[in-house]
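Observations on the three-dimensional arrangement
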Amino acid sequence: MDRSHLQALMQEKMEQMPTKARRAVAYLLGNMREAAFRSIGEVADELEVSKAQLVRVARMLGFAGYAELKDALQEAILEQVNPAAMLAKSVDREESLHETILRMEHANLDDTWTQLSQEKVLAFCRLIRKARDIYCLGWGISSLVTESLYMRLRVMGLGGHSLRRGSLTLIEQARSVGPEDLLVVCELPR
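Bear in mind that the values here come from a model prediction, so they are computed numbers and not experimental data. (Residues numbered from 1 in each chain as written. Predicted model: local features only at pLDDT ≥ 70, side-chain atom pairs only at ≥ 80, totals over all residues. Heavy atoms only, no water.)

Things to note about the sheet that holds strand β1 (residues 134-137)
Operational definition: One requirement defines pairing of two strands: DSSP has to find at least two bridges between them. Strands are runs of DSSP state E lasting at least 2 residues, helices are runs of H or I lasting at least 4, and numbering of each runs from the N terminus. Between the N-to-C directions of two axes lies an angle of 0 to 180 degrees, each axis being a line fitted to C-alpha atoms and, for a helix, fitted only over the stretch in contact. Contacts were defined at the residue level, with two residues in contact if any of their heavy atoms lie within 4.5 Å.
Reading across from one edge, β2-β1-β3 is the order of the three strands in this open sheet, with parallel pairing throughout. Whereas interior strands pair on both sides, the edge strands pair on one side only; in this sheet they are β2 (160-163) and β3 (182-185). Within this sheet the neighbouring strands show an average axis-to-axis angle of 20°, counted without direction. Helix α10 (residues 142-155) rests against β1, β2 and β3 of the sheet, and its axis sits at about 165° to β2.

Structure (structure tokens):
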């Protein structure tokens, strides 16, 4: 089940649920990534409910149990972070490629935006404004995010440097970072 179908199912069923169950579904909707890869015990502790309550919620949503709901959450998240799978699925369904890419990017932006709080964004902006120089660090695939941030900073006229795997070690590259500088580490989830 893809992310949009799972979200629609959860939102539709949530309206007929008791308060505790609605609260659990609201958490799952707002924290799909975390819930997909956390144990039932961790989610139950976070919500201050029993594991049995989460099993009941999964059944109210039409799943055999919490494990099946968790599998659906994982599938929805992994599909979102695996563009090749999304594109292959759109070709199989004979969907328009540009519409699929647009939908995927919208979902990524929406998901990212829901995970950010206004306070954290404002705090980050204050740090950027205050910094003498900004060093962007990323390794492996995360270096793509690093490069993008670095280029955006440069376009905005801010002093930026990109630290990434190359001929110099990380320690050698980081020697020029001073106490008035900001080091932004970009790391994509595994």
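Still to come is the rest of the account.
Remarks on the packing of helix α2 (residues 19-30) against helix α5 (residues 51-60)
For any two helices packed against each other, the geometry is given by the interaxial angle and the distance between the axes. So the rule is basically this: Small angles under 35 degrees read as roughly parallel and large ones over 145 as roughly antiparallel, with 65 to 115 read as roughly perpendicular and the rest as oblique.
Relative orientation of the contacting elements α2 and α5 amounts to 80°, with a least axis distance of 10 Å. Judged by the angle between their axes, α2 and α5 are roughly perpendicular. For the pair α2 and α5, the contacting residues are Lys20, Ala21, Ala24 and Val25 in the first and Gln53, Leu54, Val57 and Met60 in the second.

Some remarks on the pattern of salt bridges
If charged atoms from side chains of opposite charge come close, those side chains can pair. Put simply, the test is: The term salt bridge refers to a pairing of a side-chain nitrogen on Lys or Arg with a carboxyl oxygen on Asp or Glu at a separation within 4 Å. Using a 1.4 Å probe on the protein chains alone, a residue whose accessible area is under 20% of its type maximum counts as buried, one over 50% counts as exposed, and one in between counts as partly exposed.
Summed over all chains, the structure comprises two salt bridges. For the salt bridge of Arg38 with Glu46, the shortest nitrogen-to-oxygen distance reads 3.7 Å. By relative accessible area, Arg38 is classed as partly exposed at 22%. A salt bridge links Asp181 to Arg132; its shortest N-O distance comes to 2.7 Å. Linking Asp181 in the loop between α11 (170-174) and β3 with Arg132 in the loop between α9 (118-130) and β1, this pair joins segments that are 49 residues apart in sequence. By relative accessible area, Asp181 is classed as buried at 12%.

With respect to a nonpolar patch on the surface
We count it as follows: To count toward a patch, a residue needs a relative accessible area over 30% and no salt bridge; like charges are then connected within 9 Å, while nonpolar side chains (Val, Leu, Ile, Met, Phe, Trp, Tyr) are connected within 5 Å. Using a 1.4 Å probe, accessible areas were evaluated by the Shrake-Rupley method; residue-level cover was limited to the displayed protein chains.
Residues Ile141, Leu144, Val145 and Leu188 make up a contiguous nonpolar surface patch of roughly 360 Å² in combined accessible area. Given a relative accessible area of 58%, Leu144 falls into the exposed group.

A few points about the environment of Ile171
Mapping Ile171 onto the fold places it in helix α11. Take Ile171: its relative accessible area is 60%, and that puts it in the exposed class. Note: C-alpha distance between Ile171 and Thr112 (59 residues apart in sequence) is 31 Å.

Focus on the pairing of β1
The line we're drawing: Handedness rule for crossovers: strands pointing away from the viewer, path from the first strand over the helix to the second running clockwise, crossover right-handed.
Burial along β1 is two-sided: Ile134 and Cys136 facing one way and Tyr135 and Leu137 facing the other are all buried. In terms of strand pairing, β1 meets β2 through four bridges, oriented parallel. Its bridge partner being in β2, Ile134 is matched across the sheet by Gly160. The β-α-β motif built from β1, the intervening α10 and the parallel element β2 has right-handed crossover chirality. Sheet topology note: the β1/β3 ladder contains four bridges and is parallel. In the strand pairing of β3, Ile134 is matched with Leu182.

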